[in-house]
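For reference, the chains in residue letters:
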Amino acid sequence: MSMTLERQIERLNPPQREAVTAPGQTALVVAGAGSGKTRVLTHRIAWLIEIERAAPQEILAVTFTNKAAAEMRERIGELLHMSPRGLWVGTFHGIAHRLLRAHWREAGLPETFQILDSDDQQRLIKRLLRELGDDTTKPAAVASFINARKDEGQRARHIDTQGFADRERLAELYRRYEAACERGGMVDFGELLLRSNELWVQQPALRDHYRRRFRHILVDEFQDTNTLQYAWLRNLAGSETSLFAVGDDDQSIYGWRGAKVENMREFERQFPDVKVIRLEQNYRSTGTILSAANALIANNRERLGKNLWSDAGSGEPIRLYAAYNEQDEARFVVEQIEAWAAAGNPRAEVAILYRSNAQSRAFEEQLMARRIRYRVYGGQRFFDRAEIRDALAYLRLVANPNDDTAFERVVNQPPRGIGDKTLETLRDEARAGGLSLWAVLTRLLEGGGLPGRAASALGGFAKLIGELRAAGNGQPLMDQVTVAVEASGLKTHYAKDPDGRGEGRVENLDELVNAASLFVNEDEELDPLTAFLSHAALEAGDAQGEAGADCVQLMTLHSAKGLEFRQVFLVGVEEGLFPSQRSIEEPARLEEERRLAYVGITRARERLFVSYAESRRIHGETRPAMASRFIEEIPAEHLTEVRLRGTVDRPVSARQAGGFGRDAYGDGGFGGRGYGNGGYGNRSASRGNNDFARPAAAPPKRESAWATPAKVAEGAGGLEVGQRVRHGKFGEGVIVDFEGQGPRTRVQVKFASAGSKWLMLDMAGLTPA
Ligand code: ATP
Ligand code: MG
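Residues numbered from 1 in each chain as written. Chains lettered and ligands numbered in written order. Predicted model: local features only at pLDDT ≥ 70, side-chain atom pairs only at ≥ 80, totals over all residues. Heavy atoms only, no water.

### Thoughts on the overall build of the chain
Next up, step 1: Counting its regular elements, the chain contains 32 helices and 22 strands.
Next up, step 2: Out of the 769 residues in the chain, the part that is buried amounts to 53%.
Next up, step 3: Total accessible area on the chain stands at roughly 33,300 Å², and carbon and sulfur atoms take up 48% of it. (Helix = DSSP H or I, 4+ residues; strand = E, 2+ residues; numbered from the N terminus. Buried < 20%, exposed > 50% of the residue type's maximum accessible area, 1.4 Å probe, protein only. Areas by Shrake-Rupley, 256 points an atom, 1.4 Å probe, with all protein chains shown as cover.)

Written out as structure tokens, the structure is:
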């Protein structure tokens, strides 16, 4: 890419160009998916630096995920033919973290403060509940209460309990939680931002310093900012700051986590001279995909209202696949991907998008079985594995021995004979004295106030941490990590295979050492260990597949925001899953689910598959499922039903006329028996007992094959439609259809010489040809 920036800007459409070069103080770009909002934002940064001669240090760009931040940095680098130093591009969390590291003293934190991720947070809350003798309150509920309060900018002391006992209780827990974090020098995700906002409020001199520095603030995905993030931005933006925000109200998908789409309207109100720019041309998707998305989102009432068009041509129809169950769905998807890759297309241009993380497993199994490389974003992260958490806890204690969460985790891991009673003594003393567990431990050891066995076990632990700290001093990060993994006894412990997965766990520990050796500390002011630990807590740390390798991409719809792929599989599009069960009764939540569907559809550039399963095993239970209302909201003319390999796709409109419902369920019509008329409940009732056999009344039409493809294929000993087979009497032929189930499965074969025959599968004696 050696085009000059001017040329690049000329290639934008007029409103895009206007946004990139907007001279005023504040601008808001409101535009639909794929209209070039992010592109405008990166071009504007390049334009500010190269044409307006802004120093990179004067620019702050905020986006939603680490992946988006990395891409943004890369784009800017390409536009300028160099990566500008001093430019701040990051997530709200990442930027707040950086500020707190630089100003820990002003923020009232220890220099080595550690980040508490959501798992640590829940453990800490569990401990607090235990202290209170409360075994009924769910730690997760407390965590979400605290996080929601923080997102609103509230500390425990701000909570108005209005005399309600349960609120009183939660506020009390929040108070204790705050105290525990304070004692241990621990900061959770919400706290990063809350504290850095308090910096602005409580340290005006510091705030003014940053106001002078960041003359340009640019925000992507503005529709998903929460109250605290917006306050943070408002505080940082002074009268001289130019604030540039881009967003799409139709893609607001974090309302459940406190995002306020109203911030877009607020923005217009609070900055009266704001220039509002609308972009209407979509450059990402085919006309078909775009029409489907537009039609779907038109069902929402709460909208600013936008138009999107494309001149890309209509492209292929959207393919709809009705799977028998989640395994069949996964198999179908992976077969499609195999064909895609076999045709020479990059796997990295394929995304499988699902509503919840638990859905990835079926796809992972199929991908693994077929040796297709893939990468899961935001599933179980590498840094979340038990053995890795153990090792990190040792390192955290090296960095900051007052970190009680880390202390609790490894004081007896690997087991060194420290009993519960001893630990209770430590906890009691810590509580009474307002001290960290480590402080109590050293005091007790010095004062000799412990019985012999406890003293020697705890003494061993204290000595170990002391040695690790001494060994780490000034050593390269990789050596520090090696020592923590080995001297702690963790590696030997896991190698002994305590849970039958020893080998893998030891490999993971080695991988941690490896990660440390490759770690680049971008913040020179931070010591490498602290930087590495923060990285482990903050980065999405995606486990499988190396970055940059040609892997199929698996992620939730939420994490797909802002991304694009040539081929997208939107899977599990079923009532009760997507939209989620909880959202079905609540109009506001349902609209948010629909926006999520809109986000999903608009990720696709060329080809989109939508699939659902007729039965799904979820949380260990098999349940009947049915196509989501979102599928119905896509106009039928854009959809084509996919049948098993080797058969002809048929348009959905034909299907509906011919009775989709009849094929699948044996009665009624697809549309007619849906949720609209209360049929949903009825149907689940009538299909209870996990009995998926087609009702006896089902006419044995041959179209029925596609309704239960997996079953048939499974019962067919690996035979599939389209496959060439040999028959003892009729010779060679091709399977064209199946019907029925289990021992009554019939197969239709078109023989080269004998014509088409229906045979009982069990007795036909077919062999692959
Ligand atoms: P989303 O709402 O999903 O975040 P967006 O509005 O940020 O989408 P971009 O990701 O910036 O959209 O752009 C979508 C695609 O269209 C990208 O591949 C981008 O490079 C391309 N694109 C945008 N504007 C133009 C243009 N003027 N000419 C050619 N391609 C463009
Ligand atoms: Mg974008």
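### Here's the deal with the site of ligand 1
Next up, step 1: Neighbouring residues of ligand 1: 18 residues in total, closest Lys37, Gln251, Arg284, Glu564 and Arg603.
Next up, step 2: Between ligand 1 and Arg39 there is a distance of 2.8 Å, counted from an oxygen atom to a backbone nitrogen or oxygen.
Next up, step 3: Within the side chain of Arg603, a nitrogen or oxygen atom sits 2.8 Å from an oxygen atom of ligand 1.
Next up, step 4: Coverage of ligand 1 by the protein amounts to 84% of the 640 Å² it exposes when considered alone.
Next up, step 5: When grouped by side-chain class, the residues that make up the shell around ligand 1 number three nonpolar, nine polar and six charged. (Near = heavy atom within 4 Å. Polar contact = N/O pair within 3.5 Å; in protein donor to acceptor, adjacent residues only side chain to side chain. Nonpolar A, V, L, I, M, F, W, Y, C, P; charged D, E, K, R; others polar.)

### Points about the pattern of salt bridges
Next up, step 1: One pass over the structure, following the stated rule, counts 59 salt bridges.
Next up, step 2: Taking the shortest distance from any N to any O, the salt bridge between Glu198 and Arg155 comes out at 2.8 Å. Taken together, the residues span a long stretch of sequence, with Glu198 in helix H9 (residues 189-202) and Arg155 in the loop between helix H7 (139-151) and helix H8 (165-184) at a distance of 43 residues. Grouping residues by exposure puts Glu198 and Arg155 together as buried. (Salt bridge = Lys/Arg side-chain N within 4 Å of Asp/Glu carboxyl O.)

### Some points on the packing of aromatic side chains
Next up, step 1: What the rule picks out here adds up to 16 aromatic pairs.
Next up, step 2: Taking the centre distance of 6.0 Å and the plane angle of 45° together, the rings of Trp200 and Trp232 count as tilted. Here Trp200, found in helix H9, pairs with Trp232, found in helix H11 (residues 227-236); they are 32 residues apart in sequence, far enough to count as distant.
Next up, step 3: With centroids separated by 5.9 Å and ring planes inclined at 25°, the aromatic side chains of Tyr210 and Phe214 adopt a geometry described as stacked. By the burial criterion, Tyr210 is buried, and Phe214 matches it.
Next up, step 4: An aromatic cluster is present here, built from Trp88, Phe92, Trp200, Tyr210, Phe214 and Trp232 joined pairwise through their rings.
Next up, step 5: When the ring centre of Phe113 is taken as reference, the NZ or CZ atom of Arg101 above it lies at 3.7 Å. (Phe/Tyr/Trp six-rings, centres within 6.5 Å; stacked < 30°, edge-to-face > 60°. Lys NZ or Arg CZ within 6 Å of the ring centre and 35° of its normal.)

### Considering the pairing of strand S9 (residues 318-325)
Next up, step 1: When you tally the buried positions in S9, you get eight out of eight residues, the bulk of the element.
Next up, step 2: As paired strands, S9 and strand S16 (residues 639-641) are joined by three bridges and run parallel to one another. The residue bridging Ile318 from the neighbouring strand is Leu639, located in S16. (Pairing = 2+ DSSP bridges.)

### Concerning the environment of Arg396
Next up, step 1: Among the structural elements, Arg396 can be located in helix H16 (residues 386-399).
Next up, step 2: Residue Arg396 is classed as buried on the basis of its relative accessible area, which comes to 10%.
Next up, step 3: For Arg396 and Leu533, which are 137 residues apart along the polypeptide, the C-alpha to C-alpha distance reads 7.3 Å.
Next up, step 4: In terms of polar contacts, Arg396 uses its side chain to reach the side chain of Asp120, at 3.0 Å.

### Quick notes on H16
Next up, step 1: Over its 14 residues, H16 runs 20 Å from end to end, which matches the ideal 20 Å to within 8%, given 1.5 Å per residue.
Next up, step 2: Summarising burial for H16: 13 of the 14 residues are buried, a large majority. (Expected span 1.5 Å × (residues − 1).)

### A look at helix H24 (residues 528-538)
Residues three or four positions apart in an α-helix share a direction because the helix packs 3.6 residues into each turn.
Next up, step 1: Within H24, nine of the 11 residues are buried, which leaves it mostly tucked inside the rest of the structure.
Next up, step 2: For H24, the set of buried residues is Leu529, Thr530, Ala531, Phe532, Leu533, Ser534, Ala536, Ala537 and Leu538.

### Let's talk about the sheet that holds strand S1 (residues 26-31)
Next up, step 1: On the basis of which strands lie adjacent, the open sheet formed by six strands has the order S3-S2-S6-S7-S1-S8 and parallel pairing. Two strands bound the open sheet, and with one partner strand each, they are strand S3 (88-91) and strand S8 (275-279). Strand-to-strand twist in this sheet, taken as the mean axis angle between neighbours without regard to direction, amounts to 15°.
Next up, step 2: Pairing analysis gives four bridges linking strand S2 (residues 59-63) to S3, with the strands arranged parallel. Counted as the bridge partner of Ala61 is Val89 from S3.
Next up, step 3: Here helix H3 (residues 37-50) sits on the sheet and contacts S1, S2, strand S6 (216-219), strand S7 (242-247) and S8; the angle it forms with S7, its principal contact strand, is near 160°. (Axes fitted to C-alpha atoms, helices over the stretch in contact; angles between N-to-C directions. Contact = heavy atoms within 4.5 Å.)

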